[in-house]
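Secondary and tertiary structure notes
Each chain, letter by letter, is given below.
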Amino acid sequence: MIRQLNTPTHKQIIRNALAAFGLAFFFAVILFSCDSGKRDIRAYYFPVDSLTTGQVYAYVSEDGTTGDQSYWYYQTIKSDSGTFLVGTQYDRFFEVNQIVREKIVENGSLARECFLYEPDTSTGKSIAIHTAIESANLFPFQVTDSLGVFLYRIKYAPPAEPEATIYLIRNRRYLGDGPDFAFEGKAYPTIRFGIREAIGHSAEGTAEIEGEGEEWYAKGLGLVYYRKSYGTEHNIEYAFRLRERFPMEELVRRAQ
């Protein structure tokens, strides 16, 4: 059920939140306990050990007609406090949409910081918005076939309405093996997750947009495909797949 927003301003804020949260980012769990009956899927997450020099993942719209593209630059940083994977998302205009810093631990990935970027209404320039991470777990390394439901939640105050709260709740369910994913002349085995999520606005009651979708993670690559849709009335749908990977220098060249 989608509850209507009270004003057009609130509608636009929700749409901005969809764009900020949207592509693919931060996938979380509350069930990180490990037992012998669970499958180890850490090899399907991003190859953390080989990303110390950084790599851009270029995703393209599946329909091939809109020209939409999304870029994620991933880099592994190792320090005395642990191993961290930092992801920076750029849109097709090479503007930063979000930055996520996650810590890699024995049984999964934990979100430590998340910044979203929205245009300032007075200057038009993007400003960073620090989110509050209420459920820090990002990706599980052990799952049980089709039984585990995983939860992720963050929230922030939109600059246009600092007294309000925008929140994202994402429920994910492990669906088992997916189809092989063809990339650079090779077929990669995948696993699938089903997604149900709600993006809400707390001002003057609670207004939510509900959505659902699916993700594929390929062994040795990480996230290679995702699709989402948010209700027929709002008509927000998209699907992206990994097209290529390259160093940051190539992204800089394309932006220029």
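Definitions and cut-offs
Residues numbered from 1 in each chain as written. Predicted model: local features only at pLDDT ≥ 70, side-chain atom pairs only at ≥ 80, totals over all residues. Heavy atoms only, no water. Helix = DSSP H or I, 4+ residues; strand = E, 2+ residues; numbered from the N terminus. Buried < 20%, exposed > 50% of the residue type's maximum accessible area, 1.4 Å probe, protein only. Contact = heavy atoms within 4.5 Å. Pairing = 2+ DSSP bridges. Phe/Tyr/Trp six-rings, centres within 6.5 Å; stacked < 30°, edge-to-face > 60°. Lys NZ or Arg CZ within 6 Å of the ring centre and 35° of its normal. Core = buried A, V, L, I, M, F, W, Y, C linked by side-chain atoms within 4.5 Å. Salt bridge = Lys/Arg side-chain N within 4 Å of Asp/Glu carboxyl O. Polar contact = N/O pair within 3.5 Å; in protein donor to acceptor, adjacent residues only side chain to side chain.

As for the overall build of the protein chain
A count of helices and strands for the protein chain gives two helices and 16 strands. Of all 256 residues assigned to the protein chain, the portion counted as buried reaches 49%. Looking at the protein chain alone, contacts between residues at least 24 apart form 55% of all its contacts between residues at least 6 apart.

Looking at the pairing of strand 16 (residues 236-246)
Note: strand 2 (residues 55-61) against strand 16, six bridges, orientation antiparallel. The residue of strand 16 that forms the bridge with tyrosine 57 is arginine 245.

Considering the packing of aromatic side chains
Using the criterion set out here, one finds 22 aromatic pairs in the structure. Centroid distance tyrosine 226 to phenylalanine 240: 5.7 Å. Interplanar angle 15°. Geometry classified as stacked. Placement of tyrosine 226 in strand 15 (residues 222-230) and of phenylalanine 240 in strand 16 is noted, with a sequence separation of 14 residues between them. Taken individually, tyrosine 226 and phenylalanine 240 each receive the classification buried, so the pair is uniform in this respect. An aromatic cluster of three or more residues is present, and its members are Tyr45, Phe46, Tyr57, Trp72, Tyr74, Phe139, Phe141, Phe150, Tyr174, Phe193 and Tyr217. Across the ring face of phenylalanine 193, the terminal group of arginine 172 is positioned such that the distance to the ring centre comes to 4.0 Å.

A look at the nonpolar core
With 49 residues, the main nonpolar core has Ile41, Tyr45, Phe46, Tyr59, Phe193, Tyr217 and Val224 as its most contacted residues. By size, the runner-up hydrophobic cluster in this structure holds seven residues, among which are Ala58, Tyr73, Tyr90 and Leu251.

Remarks on the pattern of salt bridges
A complete count under the given rule lists 18 salt bridges for this structure. Note that arginine 196 and glutamate 212 form a salt bridge whose closest N and O atoms lie 3.0 Å from each other. A residue pair is termed long-range when its members are at least 10 positions apart, and arginine 196 in strand 13 (residues 186-201) and glutamate 212 in strand 14 (residues 207-218) qualify at 16 residues. Using a relative accessible area of 41% as the deciding quantity, one classes glutamate 212 as partly exposed. Here the residues in one salt-bridge network are Arg243, Glu244, Glu250, Arg253 and Arg254, joined through shared partners.

Notes on the side chain of glutamate 214
Of note, glutamate 214 is situated in strand 14. Here the side chain of glutamate 214 touches arginine 192 through a polar contact of 2.7 Å, side chain to side chain.

Here we look at the side chain of threonine 190
Relative to the helices and strands, threonine 190 is located in strand 13. We classify threonine 190 as buried; its relative accessible area is 2%. Sequence-distant contacts of threonine 190, defined by excluding residues within four places in its chain, comprise Tyr44, Asp177, Gly178, Pro179, Phe181, Trp216, Tyr217 and Ala218.

What about the pairing of strand 15?
Regular strands show a simple pattern: their side chains alternate between the two faces of the sheet. Of all the nine residues making up strand 15, seven are buried; the element is thus mostly covered by neighbouring parts of the structure. By the bridge criterion, seven bridges tie strand 14 to strand 15 in an arrangement that is antiparallel. When the sheet's bridge partners are listed, glutamate 212 is paired in strand 15 with serine 229. In this structure, the hairpin formed by strand 14 and strand 15 is closed by a connection of three residues, where glycine 220 is found at a positive phi of approximately 85°. In this sheet, strand 16 lies alongside strand 15 in antiparallel orientation, the contact comprising six bridges. Within strand 16, the position partnered with lysine 228 by the bridge is tyrosine 238.

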